[in-house]
Structure formats: structure tokens, C-alpha cells
Amino acid sequence: MRLMKPFVVLLVLMGMAVAGHAQKYAAGDKVMVQLNGNWMPAVIVDAASADKKSFRVKLLYMRDTKNAVMNSFLTVAIQHIKPDNTVATNTSTTTVQQKTVAELNNALLGRYQIYTGVQKNYIGHFYLKAGGAYRVALSSDEDTYAQGTYEISPDGQTLKWLGGLFYQNRWEGKLVKQENGTYQIIFSGKAMAEKTAN
């Protein structure tokens, strides 16, 4: 009987190891997946097998050779998936964050003038539109617009340019709230934008 105890302990330890990968995932869950040694953000699409040992996922923020955002779907074994700890696990907190970002998005919509330098030299304007789109025209050709897309960071501190001129120029999008309640957008050290009345 004494020989049985180490065997039982071994079985328990094996069970704990397996349980470590017994994480339950559902469609829409935000996770991190391990690819070539790197962890990347993804969303669960569905289970790829009946025993749920692998899942189909959609990678986020993947880009093609032209730097366009694309959706990449693949199947990943469960041992290469972990919860995305950057996502709030408390449902009420997540709802509040989503509501705050939605309200911020509505406040940001409209026309902005772009300035550069200490003297605030005007170089063009752009519009933030509903649905995560923007269009921009430079002062050299005010009637010709380039299109692009954006999203607001979960913390509401920055705009992330997903495509278009601002993405190509690698401009940042830090949001700075002004005393009058509008927002200034800081692109880089000397380039910024201010919201206009029209």
C-alpha cells in the first residue's frame, strides 16, 4: 500500500497540470495566443474540436505588406492560449469602460485644424467621423481628401491610427482635454490639431 501513495500523488499532480489548460473559452473572448514564441492579442471564434483542446481565433492588429489592417484566422492549441489580462474581467467595469469610450468618441467627432511648430502654422484639416473613419486634406489641396481609420484606446487617452495618412506618417494621437471641454490631439513633438466650431 505504501507504493500506491507516490503513484496517487503523481496522478493528482498530473491532474493539476491538465487542469491548468482546462480554461473555458467562449466565442468573443479576448485572449493572447502564442505564435513563434510571441504572445499576440486575439479573439476566440469557436472551438476547433469537440474536446475543446484547440480553438479557432482571429488575430488582432495584423497588417499585410501594404500596412493595411487585416483579419487573420487560425487554429491554436489550448496550451498556447491564455486570458488577456489587459481586458477587465468585471462585467460592470467593462460596461462602464465601453460606455466612457463611446461617449468620448461622440465628443471627438467633428472638424479639426492641423498646426505645426511653435507659431502654430496651419497645414490642413481633417474630420473624425462616426464608425472609426477620418478624412484629411492638406493646405496645398484643401479639396482633396485622403481617407483613413482610427480607434480610441481602451483607457481613452489616445487615438490609434489604423490606416491612412496619419498611420503612414506614424503620427501619435494623444488626447488632451482643454478647459472648454474640447480635445486637442497631439500628433508628435510639434504637430497637433484643435477642434473647430464647424
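Look above for the structure.
Residues numbered from 1 in each chain as written. Predicted model: local features only at pLDDT ≥ 70, side-chain atom pairs only at ≥ 80, totals over all residues. Heavy atoms only, no water.

On inspection of all chains with the given rule, the structure shows 15 aromatic pairs. Aromatic pair phenylalanine 126 and tryptophan 161: ring centres 6.5 Å apart, planes at 90°, arrangement edge-to-face. Of the two residues, phenylalanine 126 is situated in strand S7 (residues 121-129) and tryptophan 161 in strand S10 (residues 159-163); the sequence distance between them amounts to 35 residues. Residue class for phenylalanine 126 comes out buried when judged on its relative accessible area of 0%. Here the aromatic residues Tyr112, Phe126, Tyr134, Tyr150, Trp161, Phe166, Trp171 and Phe187 are joined through ring pairs into a cluster of three or more. Above the plane of the ring of tyrosine 115 lies lysine 120, whose end atom (NZ or CZ) is 5.2 Å from the centre. Its guanidinium or amino end placed over the ring of tyrosine 145, arginine 135 lies 4.2 Å from that ring's centre, counting from NZ or CZ. (Phe/Tyr/Trp six-rings, centres within 6.5 Å; stacked < 30°, edge-to-face > 60°. Helix = DSSP H or I, 4+ residues; strand = E, 2+ residues; numbered from the N terminus. Buried < 20%, exposed > 50% of the residue type's maximum accessible area, 1.4 Å probe, protein only. Lys NZ or Arg CZ within 6 Å of the ring centre and 35° of its normal.)

Right, let's get into the pattern of salt bridges. One side chain can pair with another of opposite charge once the charged atoms of both are near each other. Tallying each qualifying case throughout the model produces two salt bridges. Among the salt bridges present, the one from arginine 56 reaches aspartate 46, with a minimum N-O distance of 2.7 Å. With arginine 56 in strand S3 (residues 54-63) and aspartate 46 in strand S2 (residues 38-47), this residue pair connects regions lying 10 residues apart in the sequence. With a relative accessible area of 37%, arginine 56 lands in the partly exposed category. Note on aspartate 46: relative accessible area 29%, which makes it partly exposed. Taking the shortest distance from any N to any O, the salt bridge between lysine 120 and glutamate 194 comes out at 3.0 Å. Of the two residues, lysine 120 is situated in the loop between strand S6 (110-116) and S7 and glutamate 194 in strand S13 (residues 191-195); the sequence distance between them amounts to 74 residues. (Salt bridge = Lys/Arg side-chain N within 4 Å of Asp/Glu carboxyl O.)

Taken in spatial order, the eight strands line up as S10-S9-S8-S7-S6-S13-S12-S11 in an open sheet, and their pairing is antiparallel. One side of each edge strand has no neighbouring strand; the edge strands of this open sheet are S10 and strand S11 (174-177). Between one strand axis and the next, the sheet turns by 30° as a mean value, whatever way the strands run. Across four bridges, the pairing between S11 and strand S12 (residues 183-186) is antiparallel. Note on S12: the bridge partner recorded for lysine 174 is isoleucine 186. (Pairing = 2+ DSSP bridges. Axes fitted to C-alpha atoms, helices over the stretch in contact; angles between N-to-C directions.)

Let us now look at the nonpolar core. Judged by nonpolar contacts, the single largest core of 20 residues is most densely connected at Leu108, Phe126, Leu128, Leu159, Trp161, Ile185 and Phe187. Leucine 108 has contacts with Leu128, Ile152, Leu159, Leu175, Tyr183 and Lys195, leaving out every residue within four places of it along the chain. Tyr25, Ala42, Ile44 and Val57 belong to the second-largest nonpolar core, a separate cluster that totals 11 residues. (Core = buried A, V, L, I, M, F, W, Y, C linked by side-chain atoms within 4.5 Å. Contact = heavy atoms within 4.5 Å.)

With that settled, the discussion passes to the side chain of glutamine 113. In this structure, glutamine 113 sits in strand S6. Among the polar contacts listed, one links the side chain of glutamine 113 to the side chain of arginine 111, at a separation of 3.2 Å. When near neighbours in sequence (up to four residues on either side) are disregarded, glutamine 113 contacts Tyr122, Gly124, His125, Met192, Ala193, Glu194 and Thr196. (Polar contact = N/O pair within 3.5 Å; in protein donor to acceptor, adjacent residues only side chain to side chain.)

Another aspect to go through is the pairing of strand S8 (residues 133-138). Two faces, one strand: in a regular strand the side chains alternate between the faces of the sheet. The pairing of S7 with S8 spans six bridges and is antiparallel. Looking across to S8, one finds that lysine 129 is bridged to alanine 133. Between S7 and S8, which pair antiparallel and follow one another directly, the connecting turn spans three residues, one of which, glycine 131, has a positive phi of 85°.

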